[in-house]
Amino acid sequence: MPGSKVGNSLRLKGPTTNRIRRHTAGPEPEERLTLEPTAVMPASPPEPARPPRPLGDLSRARVEDVVEAIGSHFAEQLGAPRTSVMRRALRELLAHLEGFLGQTWQERWEAAGLNERDRPVIDIAGDNRPLRQRLLTAVGLVFAARVVRPSLFAFRSYRFPRFTGWFRSIAADPLLEEFCRRTEQLTVSSPRQAKARLDIACVLTVYGIELKDLTAEGLLHYAVECRTHGLAGEDIQSGSFSGTLAWPVLHDMGHFPESVPRTLRGAVTRGQRPIEELVDRHRLCNGAVRDLLVDYIHRRCVGQDYSTRKNVIHHLVKLWWKQIEEINPDQADLHLSEETFQKWKEWLMVLPDGKPRLCVDAPLLTIRALYLDLHTWAVAEPERWAVWVAPNPIRDDDLRWFHLRRRKIQERTAGRTRVRQPLLPILSRHVNDTWHRLRDLMEAAKSVEDGREFAFEGATWLRVGTQEKTARPPIRAVNRATGELVRVSWLENLAFWQWAVVEALRLAGLRVEELVELTHLSIRQYQRPSGEVVALLVVSPSKSDRERVIPMSAELFHVLAQVIRRHRDEHGTVPACQRYDLHECVWSEKMPFLFQTLHSGTQRGMSTTSAWRMIRRATAELAATTHPEFADIKFSPQDFRRLFATELVNNGLPIHIGAALLGHLNIQTTRGYVAVFDEDVISHYQQYLAQRRAERPTDEYREPTRAEWDDFQEHFDKRRVELGSCGRPYGTPCAHEHACVRCPMLSINPKMLPRLDELEEDLVSRRRRAVAEGWRGEVEGLDLTLTFLRSKREQTRRFHRSGPVSLGIPVIPHQNSQVTDG
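Given the structure is predicted, the values throughout are model-derived calculations rather than measurements.

Asks: Can you break down the overall build of the chain residue by residue, with the values?
Replies: For the chain, the helix and strand inventory stands at 33 helices and 14 strands. Of all 822 residues assigned to the chain, the portion counted as buried reaches 46%. For the chain, contacts bridging at least 24 residues in sequence account for 64% of all contacts bridging at least 6. Looking at the chain as shown, the accessible area adds up to about 43400 Å², and 51% of this sits on carbon and sulfur atoms.

Here's what the structure looks like:
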């Protein structure tokens, strides 16, 4: 692989940061979530200068010579009985190939049609299972000995359980052995390590080369071919590639040049495409209009981000001119007839699946801007733009109902928020309980050795051993009552990140892009003059291109602290890694992202797609178990943001403060996020009246009397109750008639958790008596009290379950400064 060629083809577009501007909605979700198999480097198979012959040149050898060469090699390793079976299998296969024309075994193999897809030689055995097994063994041996060089289709037509071992034994390649040793040190499961070794053995067999001759282009060609044709379980929809685990191992060995990306994902991700290529994807017939659109987009999109540029191309090329050409193939310029335009507008109003298109204003406004820009530019540059000036087909009547459609969209959004508001606590409780249950199960399993039983939640479990040779072997357990095998560590890790994503979005109101771009440096602390330390979260610029700082609640701080603790327990620190921005199509610099996971043996920042999938998985689990109301409900990351804004404003926070927390430049944007309820309108109006009635001139204020001051101090003494303290403000009576367990103002003292257990036992006993006596009203009241009691107990345990978490925030002394960076 020539160094200059690789250096030029793999040169990225320079380092980037997570300071990215995003604007209106991007392309269709499928276009964002699907990775196109287009490599940043050329994918070409290597051509061997001299085919390897590890057992000598057997291409023209007699049947017995081939059998003797392979059998003698394995005689000492496998013993006489197994070697005898090998020899018999080889004779049967080679005898079959001798019946076809050709001077070499390769020519006979191809003449038999066995290099084609879905033409395995074992099919000649029919239902004879022993013969099928012997032929499978023989095929693997002739491949490993390089007697026959199969095509990729032919190789993937078989499932060889021991091919890698045979190949390594015959090749005796020190470089290949080093690769295999490195794969055994990866922190992934043994099956994935075995798949990486099989990928390399397959590449070397199919291309007829040794490992020293394997280039990055060759491995990329193998990965793309397997994914394109679905040969190894990968396809375009899955977004995965063969060889993803082998690539970084070869890169770390120094087998690939430094200019080659360290991961296969980095090699297949092309990044930002030029405008010409984005336009040509839609294959416009009119070359003149195509050139016009390319020039127009170049001029209009100067200084705009990549996602905005794709939106403009999507509206002008895909949704507009491509459809105009299908409606009227003879259309030569921008002068559209009324008939053509009306047909196009009818097409625009309906999606391909027959549903009405909800957002039609963006394409109309983009097309209208095109015509108006051409009118304006033609004055300054008539030689370039005047020939394209035409009457604007988008009239005022087409946009007259713009505000009405916008209001209907806001109404649908508000309705969506109202439907999801009562479901949010259920979703939050589900992800929280799921993670804590799996975490407790994992801790219980860790306390015993493999093969030992342990008790958990009243059931008996058996910890199952594993053959994994990784530094942290996975933990698995079997429920003795049901026989279910549970991948405890894998499920716990999945549940943790599911909990972290849902809770962080719920408590911070972040955009999903801002969530996945949070780093260890995003956590700051501010010391007030009183000495109080306030935790702050620095949100990197996203849609509004403005950095903002928001104070963290105790719950949000707990979530991020748990994320940091997890990284420190596994890696000693928060690892620095890269993440790929699906909107801007760029790789970030290596940064200590908080939301990062392991991908093919390499740490990588979480994508927005992964966050979407975790939320959908949580709602699907609820719909399938205890809450069927989630069956028709889909939560998106933006729903959490709208619910956050609604809760802030409806609880009395000034809307301009809410706009600052959400990162909105326009207060009207925040107003559109808030779903107002009827009871909120009434309560806010009553509060307004009470505030007006309470207003008095300043000269009417007086100093409090001794009795009034004593009453004020006595109020705080009376707030101390058995279970904790009451948070009701001064001057207000107890609205819940001292039913403290039911009162939302009660803050439980952790020391009183045993007392809550006693109260629960008493309430359960009383409920059994009420059920037996038929006191339905009493049962309803006791159920409500039990619900409040268990909720407050769980909340108190959650806040005090884990000890202090070291966030690793360095304390840097600054003179005359009270802010320290994280």
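Asks: So what about the pattern of salt bridges? Which residues, and what values?
Replies: Tallied over the full model, the rule gives 41 salt bridges. Two residues, glutamate 92 and arginine 134, come together in a salt bridge whose shortest N-O distance is 3.0 Å. Placement of glutamate 92 in helix H4 (residues 80-97) and of arginine 134 in helix H6 (residues 129-144) is noted, with a sequence separation of 42 residues between them. Using a relative accessible area of 26% as the deciding quantity, one classes glutamate 92 as partly exposed.

Asks: Outline a positive patch on the surface, supporting the account with residue identities and numerical values.
Replies: Among the surface-exposed residues, Lys355, Arg613, Arg616, Arg617 and Lys634 lie close enough to one another that they form a single positively charged patch. Structurally, the position occupied by lysine 355 is in the loop between helix H17 (338-348) and helix H18 (361-380).

Asks: Describe the packing of helix H8 (residues 163-171) against helix H10 (residues 190-207), and please don't skip the residues or the numbers.
Replies: Two numbers describe a pair of packed helices, the interaxial angle and the distance between the axes. At a minimum axis separation of 9 Å, H8 and H10 run at an interaxial angle of 60°. As judged from the angle between their axes, H8 and H10 are oblique. Relative to H10, the crossing made by H8 is left-handed. In this structure, H8 uses Phe163, Thr164, Phe167 and Arg168 to contact H10, whose residues at the interface are Arg197, Leu198, Ala201, Leu204 and Thr205. Its residues assigned to classes, the contact of H8 with H10 comprises five nonpolar, two polar and two charged.

Asks: Explain the nonpolar core to me, and be specific about the residues and the numbers.
Replies: In this structure, Phe143, Phe179 and Ile200 are the most contacted members of the largest nonpolar core, which totals 76 residues. Apart from residues lying up to four places away in sequence, isoleucine 200 is in contact with Leu176, Phe179, Leu211, Leu214, Leu219, Ala246 and Leu250.

Asks: Got a sec to walk through the packing of aromatic side chains? Specific residues and values, please.
Replies: This structure, assessed with the given rule, holds 23 aromatic pairs. Centroid distance phenylalanine 496 to tryptophan 499: 5.8 Å. Interplanar angle 45°. Geometry classified as tilted. Of this pair, phenylalanine 496 and tryptophan 499 both sit in helix H23 (residues 488-508), separated by three residues, roughly a single helical turn. Each member of the pair, phenylalanine 496 as well as tryptophan 499, carries the same accessibility label: buried.

Asks: Can you explain the sheet that holds strand E3 (residues 476-479)? Please cite residues and give values.
Replies: Taken together, four strands build an open sheet; the order of strands is E1-E2-E3-E4 and the sheet is antiparallel. Edge strands, defined here as strands with exactly one partner in the open sheet, are strand E1 (453-456) and strand E4 (485-487). For this sheet, the mean inter-axis angle between neighbouring strands, taken without regard to orientation, is 35°. Two elements, strand E2 (residues 459-464) and E3, share four bridges in a ladder whose sense is antiparallel. When the bridges of E3 are listed, leucine 462 appears paired with valine 478.

Asks: Describe unusual backbone geometry, naming the residues involved and giving the relevant values.
Replies: At alanine 172, a position not held by glycine, the phi torsion is positive, near 50°. Within the fold, alanine 172 resides in the loop between H8 and helix H9 (174-184). By relative accessible area, alanine 172 is classed as exposed at 58%. Despite not being glycine, arginine 283 has its phi angle at roughly 55°, a positive value. Within the secondary structure, arginine 283 sits in the loop between helix H14 (275-280) and helix H15 (287-300). What makes arginine 283 exposed here is its relative accessible area of 69%.

Asks: Lay out the environment of alanine 623 in plain terms, naming residues and giving numbers.
Replies: By secondary structure assignment, the location of alanine 623 is in helix H26 (residues 608-624). For alanine 623 and isoleucine 633, which are ten residues apart along the polypeptide, the C-alpha to C-alpha distance reads 8.9 Å. Sequence-distant contacts of alanine 623, defined by excluding residues within four places in its chain, comprise Pro628, Phe630 and Ala631.

Asks: Before we move on, can you summarise the pairing of strand E7 (residues 548-551) with the specific residues and values?
Replies: Of the two faces of E7, the one holding Arg548 and Ile550 is buried and the one holding Val549 and Pro551 is not buried anywhere. In the sheet, strand E6 (residues 533-539) pairs with E7 via four bridges, with the strands oriented antiparallel. Paired with valine 539 across the bridge in E7 is arginine 548.

Asks: Could you give me a rundown of the side chain of threonine 340, with the residues and numbers involved?
Replies: With respect to the helices, strands and loops of the structure, threonine 340 is situated in helix H17. For threonine 340, a relative accessible area of 6% gives the class buried. A distance of 2.9 Å separates polar atoms of two side chains, one belonging to threonine 340 and the other to serine 337. Excluding residues that lie within four positions of it along the chain, threonine 340 makes contacts with Ile324, Ile327 and Asn328.

Parameters at a glance
- Residue numbering note: each chain is counted from 1, following its sequence as written.
- Under the rules for a predicted model, residues below a pLDDT of 70 receive no local features and side-chain atom pairs below 80 are neither given nor counted, while totals for whole chains, interfaces and linings still include all residues.
- For side-chain calculations, the full set of non-hydrogen atoms in the structure is used, while hydrogens and water are omitted.
- Numbering goes from the N terminus for both helices and strands, where a helix is a DSSP run of H or I of at least four residues and a strand is a run of E of at least two.
- Under the scheme applied here, a residue whose accessible area is under 20% of the maximum for its type counts as buried, over 50% as exposed, and between as partly exposed, the area being computed with a 1.4 Å probe on protein chains only.
- Contacts were defined at the residue level, with two residues in contact if any of their heavy atoms lie within 4.5 Å.
- The Shrake-Rupley method, run with a 1.4 Å probe sphere, supplies the accessible areas, and residue values consider only the shown protein chains as cover.
- The term salt bridge refers to a side-chain nitrogen of Lys or Arg lying within 4 Å of a carboxyl oxygen of Asp or Glu.
- Residues form patches when they are more than 30% accessible in relative terms and have no salt bridge. Like charges link within 9 Å. Nonpolar side chains (Val, Leu, Ile, Met, Phe, Trp, Tyr) link within 5 Å.
- Positive charge is attributed to Lys and Arg, negative charge to Asp and Glu, and no charge count is given to His or to the chain ends.
- Charge coordinates come from a single atom per side chain, which is NZ of Lys, CZ of Arg, CG of Asp or CD of Glu.
- Only the contacting stretch of a helix is used when fitting its axis, a line to C-alpha atoms as for every element, and angles between N-to-C directions run 0 to 180 degrees.
- Roughly parallel here means an angle under 35 degrees, roughly antiparallel means over 145, roughly perpendicular means 65 to 115, and every remaining angle is called oblique.
- In a left-handed crossing the near helix is turned counterclockwise from the far helix by less than a right angle, and in a right-handed crossing that turn is clockwise.
- Any residue that is not Ala, Val, Leu, Ile, Met, Phe, Trp, Tyr, Cys, Pro, Asp, Glu, Lys or Arg is counted as polar, Gly included; the first ten are nonpolar and the last four charged.
- Only buried Ala, Val, Leu, Ile, Met, Phe, Trp, Tyr and Cys residues count toward a nonpolar core, and they belong to the same one when joined by side-chain atoms within 4.5 Å.
- Note on aromatic contacts: the rings of Phe and Tyr and the six-membered ring of Trp form a pair at centre separations within 6.5 Å, being stacked when their planes are under 30 degrees apart, edge-to-face when over 60 apart, and tilted otherwise.
- Note on pairing: two strands pair once DSSP finds at least 2 bridges between them.
- N or O atoms closer than or at 3.5 Å make up a polar contact, with two conditions inside protein: a donor-capable atom paired with an acceptor-capable one, and, for residues adjacent in sequence, both atoms drawn from side chains.

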